[in-house]
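Coordinates in review
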Amino acid sequence: MKFQLLPSTFDENGCASARQHLSCFVIDDCVAIDAGSLAMASSSTQKKQIRDVVLTHAHLDHVAGLPLFIDDLFAKLKVPVRVFGTKEVIEIIERDIFNWHVYPSFSELRNGNSAVLEYQTFENGKEFLVKHLRFKPIAVNHKVPTVGFVISDDNKTLGLSGDTAEMEEFWEVLNAEKKLSALLIECAFPDELEELALVSHHLTPQRLKKELEKFTQKDCPIYVINIKPMYFDEVVRQVETLKIKNLEILKVGRVYNL
Ligand SMILES: [Zn+2]
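What counts, and at which threshold
Residues numbered from 1 in each chain as written. Predicted model: local features only at pLDDT ≥ 70, side-chain atom pairs only at ≥ 80, totals over all residues. Helix = DSSP H or I, 4+ residues; strand = E, 2+ residues; numbered from the N terminus. Rg over C-alpha atoms; globule rule 2.2 N^0.38 Å. Buried ≥ 20, exposed ≤ 12 C-beta atoms within 10 Å, placed from the backbone. Contact = placed C-beta atoms within 7 Å. Pairing = 2+ DSSP bridges. Core = buried A, V, L, I, M, F, W, Y, C linked by C-beta atoms within 7 Å.

The next thing to look at is the overall build of the protein. Helix and strand counts for the protein stand at nine helices and 14 strands. Its C-alpha radius of gyration of 18 Å places the protein within 12% of the 18 Å reference for a compact globule of 258 residues. When the backbone C-alpha atoms are referred to their principal axes, the protein occupies close to 55 × 45 × 35 Å. When burial is assessed residue by residue, the protein has 43% of its 258 residues classed as buried. Counted over contacts in the protein with a minimum sequence separation of 6, partners at least 24 positions apart contribute 61%.

Structure follows, in structure tokens:
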């Protein structure tokens, strides 16, 4: 299994920067988890192959590229883009994005070949298949209904927290997995913005440290994701001072092979 966090931010030279405004992970070049920069930063191979998008939640930084992705592919699609989400998440994007006001209601439209957008709902705790991948959704602790995932192919297993504050069930499920190949976990704000992190249900480095004490797979590589770009340097510095074995910042754009 390979995965990549697509870039979403430019540096002063117009090149992809290490900072992350939007969230979009691509697995094996064919399945997207969230769609923040899906239209803007996916490769031509990924654009050709991705027809399945699995959403953690409906916040803009996780769905911004979805309407544009379908728009770009509209005339070419031979099968619909399938969007997987909980009932709540799909209701939100149908009501607030694909509503003809913000963007067309693609679920009502067809090109010459097929429908262009199809929804697939899943329930917390119930596994579902997307291509060759098994997804186990677990409700996490964010301001809006949000899930994390355990994602497996025949060989490897990846944990992804999504946006979240402190969790219990997520750790129980992860700890029960035989062997995790990698864990991606958020840490949005630096320690000095503790209050903001609390009201918006995100983690800080100190609270991330406490969370990781609940994780029993001590040899598993852990990558920090979803750092707010404004606070990137502070969060990186604070994460480094935690001195936790196997913990590092996920590199935007890099392809990781598990
Ligand atoms: Zn969020």
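Next up on the list: the environment of Gln20. Within the fold, Gln20 resides in the loop between strand E1 (2-5) and strand E2 (25-27). When the C-alpha atoms of Gln20 and Glu172 are compared, they prove to be 28 Å apart, with 152 residues separating the residues in sequence. When sequence neighbours within four positions are dropped, the list of residues in contact with Gln20 reads Leu5, Ser8, Thr9, Asn226, Ile227, Pro229 and Val252.

Buried residues dominate strand E9 (residues 147-152), accounting for six of its six residues. Side-chain alternation along E9 places Val147, Phe149 and Ile151 on one buried face and Gly148, Val150 and Ser152 on a second face that is also buried. Note: strand E8 (residues 133-139) against E9, six bridges, orientation antiparallel. Bridging across to E9, Ile138 finds its partner in Gly148. Note: E9 against strand E10 (residues 157-160), four bridges, orientation antiparallel. Counterpart to Ile151 in the pairing with E10 is Leu158. Where E9 folds back on E10, the antiparallel hairpin that results is connected by four residues.

A general trend in soluble globular proteins is that nonpolar side chains are found buried together. Among the nonpolar cores identified, the biggest contains 70 residues, and Ala32, Leu38, Val53 and Cys187 are the most heavily contacted of them. Broken down by element, this core gets its largest block of residues, four residues, from E9. Once you skip the residues sitting within four places of it in the chain, Ala32 turns out to touch Cys24, Val26, Leu38, Ile50 and Val53.

Of the strand pairs in this sheet, E1 and strand E14 (residues 255-257) are connected by three bridges, and their pairing is antiparallel. Within the sheet, the bridge partner assigned to Phe3 lies in E14 and is Tyr256. Two elements, E1 and E2, share three bridges in a ladder whose sense is antiparallel. When the bridges of E2 are listed, Phe3 appears paired with Ile27.

Within the sequence span of helix H4 (residues 65-73), burial applies to Gly65, Leu66, Pro67, Phe69 and Ile70. Structurally, H4 contributes buried residues whose contacts are with helix H1 (38-41), strand E4 (52-54), helix H3 (60-63), strand E5 (81-85) and strand E6 (117-121).

Attention shifts here to the environment of His57. Structurally, the position occupied by His57 is in the loop between E4 and H3. Residue class for His57 comes out buried when judged on the 24 C-beta atoms lying within 10 Å of it.

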